[in-house]
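Coordinate inspection notes
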Amino acid sequence: MYKVDLNSDLGESFGRYILGMDEKIIPLISSANIACGFHASDPVVMMESVSRTKAAGIRIGAHPGFPDLMGFGRRNMAVSPAEAKAYTLYQISALGGMCQAQGMKLQHVKPHGALYNMAAKDYELSLAICEAVKEYDPELIVMGLSGSETIRAAKDCGLKAASEVFADRGYEEDGSLVNRRKEGAFIRDEDEAIARVIRMVKEGKVTAVTGQDIDIQADSVCVHGDGEKALLFVEKIRTALKAEGIEIAPLCEICR
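Quick look at the structure, then. (Residues numbered from 1 in each chain as written. Predicted model: local features only at pLDDT ≥ 70, side-chain atom pairs only at ≥ 80, totals over all residues. Heavy atoms only, no water.)

The next thing to look at is the nonpolar core. Counting residues in hydrophobic clusters, the biggest one holds 64 residues, and the most contacted among them are L95, Y171 and I237. When near neighbours in sequence (up to four residues on either side) are disregarded, I237 contacts L6, A167, I194, V197 and V223. The next biggest cluster of nonpolar side chains, apart from the first, holds eight residues, and it includes F66, A114, L115 and L125. (Core = buried A, V, L, I, M, F, W, Y, C linked by side-chain atoms within 4.5 Å. Buried < 20%, exposed > 50% of the residue type's maximum accessible area, 1.4 Å probe, protein only. Contact = heavy atoms within 4.5 Å.)

Take the environment of F38 next. Its location among the elements puts F38 in the loop between β2 (31-35) and α2 (43-56). Along the chain, F38 and F72 lie 34 residues apart, while their C-alpha atoms are 8.5 Å from each other. Ignoring any residue separated from it by four or fewer positions in sequence, one finds F38 in contact with G65, F66, P67, D68, L69, Y87, Y90 and Q91. (Helix = DSSP H or I, 4+ residues; strand = E, 2+ residues; numbered from the N terminus.)

What follows covers the environment of A249. Tracing the backbone through its elements, the reader meets A249 in the loop between β10 (246-248) and α9 (251-254). Sequence-wise, A249 and F14 are 235 residues apart; in three dimensions their C-alpha atoms are separated by 29 Å. Once residues within four sequence positions are removed from consideration, A249 is found in contact with K3, V4, D5, S30 and I254.

Here helix α7 (residues 190-203) spans 19 Å end to end across 14 residues, near enough to the 20 Å set by a 1.5 Å rise per residue. Among all positions of α7, only E190, A193, I194, R196, V197, I198, M200 and V201 are buried. Along its buried surface, α7 packs onto β1 (2-10), β6 (160-166), β7 (205-207), β9 (220-222), α8 (230-243) and β10. N-cap assignment for α7: the residue whose side-chain oxygen lies 3.0 Å from the backbone N of D191 is D189. Just downstream of α7, G204 is the residue with a positive phi angle, here 70 degrees. (Expected span 1.5 Å × (residues − 1). Polar contact = N/O pair within 3.5 Å; in protein donor to acceptor, adjacent residues only side chain to side chain.)

Quick look at the layout of surface pockets now. Each pocket or cavity is described by its volume, and for the largest pocket that value is around 630 Å³. Taken together, 26 residues form the lining of the largest pocket, with R74, G113, A114, N117 and R180 sitting closest to its centre. At seven residues, the largest contribution of residues to the lining of the largest pocket is made by helix α4 (residues 113-121). Split by residue class, the lining of the largest pocket holds eight nonpolar, nine polar and nine charged. (1 Å grid on protein atoms, 1.4 Å probe; cavity = no way out; pocket = protein on both sides within 12 Å on 5 of 7 lines; lining within 4 Å. Points joined across faces, edges and corners; volume = space filled by probe spheres on them. Nonpolar A, V, L, I, M, F, W, Y, C, P; charged D, E, K, R; others polar.)

In terms of burial, β2 is a largely internal element, five of the five residues being buried. Alternating residues of β2 divide into S31, N33 and A35 and A32 and I34, and every residue in both groups is buried. Bridging between β1 and β2 involves four bridges; their strand directions are parallel. Looking at β2, one finds that D9 is bridged to N33. In this structure, β2 lies alongside strand β3 (residues 59-63), joined through five bridges in parallel fashion. In the sheet register, S31 faces β3, and the bridge partner there is R59. For the crossover from β2 across α2 to β3, the handedness is right-handed. (Pairing = 2+ DSSP bridges. Right-handed = clockwise from strand over helix to strand, strands pointing away.)

Mapping A132 onto the fold places it in helix α5 (residues 123-136). On a C-alpha basis, the gap between A132 and F14 in space is 25 Å, while along the polypeptide they are 118 residues apart. The contact partners of A132, leaving out residues within four places of it in the chain, are K85, T88 and L89.

Here we come to the packing of aromatic side chains. Scanning the model with the defined rule gives three aromatic pairs in all. The interplanar angle of 70 degrees and the centroid separation of 5.9 Å between the aromatic rings of F38 and Y87 together place this pair among those described as edge-to-face. Here the residue F38 occupies a position in the loop between β2 and α2, and Y87 occupies one in helix α3 (residues 81-101), the gap between them amounting to 49 residues. Judged by its relative accessible area of 16%, F38 falls in the buried class. For Y87, a relative accessible area of 24% translates into the label partly exposed. With a centroid separation of 5.5 Å and 35 degrees between ring planes, the pair formed by F38 and Y90 is classed as tilted. Of this pair, F38 sits in the loop between β2 and α2 while Y90 sits in helix α3, and the two are 52 residues apart along the sequence. (Phe/Tyr/Trp six-rings, centres within 6.5 Å; stacked < 30°, edge-to-face > 60°.)

Laid out in structure tokens, this is it:
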């Protein structure tokens, strides 16, 4: 029996600025990555996101990013490992406290945007993030790009690691995501996205933008909550996974 987590980045609204289709997507996923106020969200949105997720019976993960609201956390920043550790711990603690207030517990931590992509190639940055996670709660799962330095650092810290793949993003031959400014960065056809997901889960392979097949580990599949076809992707991928005999389960049931 194949088993995979289905996750989405949520809670990314801010004040009167509404982003994503959280209410519709939350019931369709098994794990939610909730923004912690640095790249998006605010305290009210965070509390509402925890409440919605709790009501749907979905597992919660912290989604910490760089302190860059204007750039949505997608701009690279020059930070020391000590700064990255502090930023991560601050954000995990904020969301973790809101979870505790509502009788919930964090399941995982997934860095956001530029922090995620930089950490994927930078072991020292990944180690700083993982040290923050371990000091907060050593039972938390670290979610990172399949084959990345984040996964290696998490394992070196003795943490559970979940390898993530993306339904709606293109891959380079080295396993990194295609830069959003480049051709092939996004998979816009839902049927193509579904076929790629099924293959990643069942065969452990994905075709890079060069046409070369690369190895990949799929513990969790991400569909971005702010994508123009996010809801359609989630609905169709969920249906296709079940049709292929692939069970959708939260990370805590996959990374034991």
